Amino acid sequence: MATQTELLCTTVQENCDISDARNAANYTLCVYLLKMREYFRWENGFTFDEALPREAVGDWVQDREHLWETLEEESFRSLRIDGEEFDPFDTEKINQALVPKQYVYSGGIGFRAAPNFFLARLESKEVYNDFTMYIAADECARDLTSPPAMTLGKNVFIRRESLSRLLWEKYQEWLWHKNENAMAKALSFYEFDKGVSDALDRMTDNELEAVTLHEIGEFIASGELGDGWREMIVNLPRSRAEFMARAVKDLLADCFSTLPGLIENYNPASLHFYAANLTSVRKELFPSFQKAYQAWVDTNNLQPLKKLVAKGVQHWSFVAGDMLACYEKTEGRGLDELERIVAENPL
């Protein structure tokens, strides 16, 4: 007979499948195939050292797509724990029931308004002044998206397995060309040539600090920007203005917490990894970071980075404030003006 945990995992996975049925088509073909390949790896228990059987992956993708076709119109299932039923989006109450059992759950709305669910073993829980942070370990239910970190209300969920998968993908991308760049410097701390899985475990342990610092920064930035900013982000149409707004908040969070923490704790591997993973928009908006980073690489002098981080808090707060004022003045119609504000204020 299936245990309560097994039944709960089955129900959460059904909700994951329903969400995927509705939203998986939103990805470009290349991103979709990469995510499906790694989804297959997770579901079938392959390690990162193992090559995936191509034919089996293809058959699995077809089977999963056929399953999704049957689920697209289905409603999300309620979760049953200790005889009580819970709405799948009532994450707070569900975790009140699960955390004492050393499990953690999240059901919320993610990127492009797509529902995201997961259920995992709880690795740790830490309560800060304004929020609670959960570190999830082994996942028994997940959807295609599987973000490494996410915020839901006053709770932050960091998913070790998803972070490892992201780092694996970054390592695979670097292997295509093996450029001597910031990523090469970051990877050199882990000796991937001596064993991928062990190196990936060490890298995941280290990058958990950076992810935690960023999520702390997100909370600080959210408090600084207020409810008006959250409303703006939700209501902006998918556009360059939206990407720019998200990048501005990310940079503010990083200047509040991520970079100061990595500098203070002196985590050179994560500093290199941060430099390697600035998205094109953030890199465009933050050109002075590359100069300060290169100065540290060349001279081992962190002062340029420290000065830049302090300046960045003021700068990105100012830019975000101007964007929000413009959004409210134009009642959300001034997308070109929002873009102009950011484009004319790089740091």
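Residues numbered from 1 in each chain as written. Predicted model: local features only at pLDDT ≥ 70, side-chain atom pairs only at ≥ 80, totals over all residues. Heavy atoms only, no water.

**Quick look at the environment of Leu166**
Argument step 1. Its location among the elements puts Leu166 in helix H5 (residues 160–177).
Argument step 2. For Leu166 and Ser146, which are 20 residues apart along the polypeptide, the C-alpha to C-alpha distance reads 9.7 Å. (Helix = DSSP H or I, 4+ residues; strand = E, 2+ residues; numbered from the N terminus.)

**Observations concerning the layout of surface pockets**
Argument step 1. Each pocket or cavity is described by its volume, and for the second largest pocket that value is around 330 Å³.
Argument step 2. Around the second largest pocket, the lining is made up of 16 residues, and of these Phe48, Glu161, Ser164, Arg165 and Asp201 lie nearest the centre.
Argument step 3. Where the lining of the second largest pocket is concerned, the elements lending two or more residues are helix H2 (29–44), strand E5 (132–142), H5 and helix H7 (196–235).
Argument step 4. By residue class, the composition of the lining of the second largest pocket is 5 nonpolar, 5 polar and 6 charged. (1 Å grid on protein atoms, 1.4 Å probe; cavity = no way out; pocket = protein on both sides within 12 Å on 5 of 7 lines; lining within 4 Å. Points joined across faces, edges and corners; volume = space filled by probe spheres on them. Nonpolar A, V, L, I, M, F, W, Y, C, P; charged D, E, K, R; others polar.)

**Observations regarding helix H11 (residues 287–299)**
Argument step 1. With 13 residues, H11 should reach 18 Å at 1.5 Å per residue; the first-to-last C-alpha distance of 19 Å fits that figure.
Argument step 2. Considered for burial, the residues of H11 that qualify are Ser288, Phe289, Ala292, Tyr293 and Trp296. Along H11, the residues classed as buried sweep out an arc of 135 degrees about the axis, all on the same side. Exposed and oriented more than 90 degrees from the buried face of H11 are Lys291, Asp298 and Thr299.
Argument step 3. Structurally, H11 contributes buried residues whose contacts are with helix H6 (182–187), helix H8 (240–264), helix H9 (268–276) and helix H12 (303–330).
Argument step 4. In the segment just after H11, Asn300 is the residue with positive phi, at about 65 degrees. (Expected span 1.5 Å × (residues − 1). Buried < 20%, exposed > 50% of the residue type's maximum accessible area, 1.4 Å probe, protein only. Arc of directions from axis to C-beta. Contact = heavy atoms within 4.5 Å.)

**Examining the confidence of the model for the protein**
Argument step 1. This prediction gives the protein a mean pLDDT of 91; 99% of its residues lie at or above 70.
Argument step 2. Summarising per-element confidence for the protein, the mean pLDDT is lowest in strand E6 (residues 149–152) (86) and highest in H9 (95). (pLDDT = per-residue confidence, 0-100.)

**Concerning the pattern of salt bridges**
Argument step 1. Counted by the stated rule, this structure contains 21 salt bridges.
Argument step 2. For Arg230, the salt bridge is made with Asp227, and the minimal N-O distance between the two is 2.0 Å. Taken together, the positions of Arg230 and Asp227, both in helix H7 and 3 residues apart, correspond to about one turn of that helix.
Argument step 3. Relative accessible area serves as the criterion here: at 56%, Asp227 is assigned to the exposed category.
Argument step 4. Overlapping salt bridges bring together Glu14, Glu74 and Arg77 as one network. (Salt bridge = Lys/Arg side-chain N within 4 Å of Asp/Glu carboxyl O.)

**A few points about the pairing of strand E3 (residues 103–109)**
Argument step 1. Here E3 lies mainly inside the structure; 5 of its 7 residues are buried.
Argument step 2. Note: E3 against strand E4 (residues 115–127), 7 bridges, orientation antiparallel. Note that in E4 the partner of Val104 across the bridge is Ala120. (Pairing = 2+ DSSP bridges.)

**Here we look at the nonpolar core**
Argument step 1. Grouped together as the largest cluster of nonpolar side chains are 47 residues, with contacts concentrated most on Trp229, Phe289, Trp316 and Met323.
Argument step 2. Going through the elements one at a time, H7, H8, H9, helix H10 (280–285), H11, H12 and helix H13 (335–343) are the ones with two or more residues in this core.
Argument step 3. It is H8 that provides the largest number of residues to this core, a total of 12 residues.
Argument step 4. Each residue touching Trp316, except ones within four places of it in the same chain, is listed here: Val248, Leu251, Leu252, Cys255, Leu285, Phe286, Asn345 and Leu347. (Core = buried A, V, L, I, M, F, W, Y, C linked by side-chain atoms within 4.5 Å.)

**Considerations on the packing of aromatic side chains**
Argument step 1. A full pass over the atoms with the stated rule returns 20 aromatic pairs.
Argument step 2. On the numbers, 5.7 Å between centres and 75 degrees between planes, the contact of Tyr39 with Trp60 is edge-to-face. Placement of the pair is Tyr39 in helix H2 and Trp60 in helix H3 (residues 54–71), with a sequence separation of 21 residues.
Argument step 3. Its relative accessible area of 0% is what places Tyr39 among the buried residues. (Phe/Tyr/Trp six-rings, centres within 6.5 Å; stacked < 30°, edge-to-face > 60°.)

**A look at the packing of H8 against H9**
Argument step 1. Two elements in contact, H8 and H9, have axes separated by 9 Å at closest approach and are oriented at 150 degrees. Taken together, the axes of H8 and H9 are roughly antiparallel relative to one another. In this structure, H8 crosses over H9, and the sense of that crossing is left-handed. Facing Leu251, Asp254, Leu259, Leu262 and Ile263 of H8, the residues of H9 in contact are Ser270, Leu271 and Tyr274.
Argument step 2. Here the residues of the contact of H8 with H9 are counted per class, giving 6 nonpolar, 1 polar and 1 charged. (Axes fitted to C-alpha atoms, helices over the stretch in contact; angles between N-to-C directions. Parallel < 35°, antiparallel > 145°, perpendicular 65-115°, else oblique. Left-handed = near helix turned anticlockwise from the far one by under 90°.)

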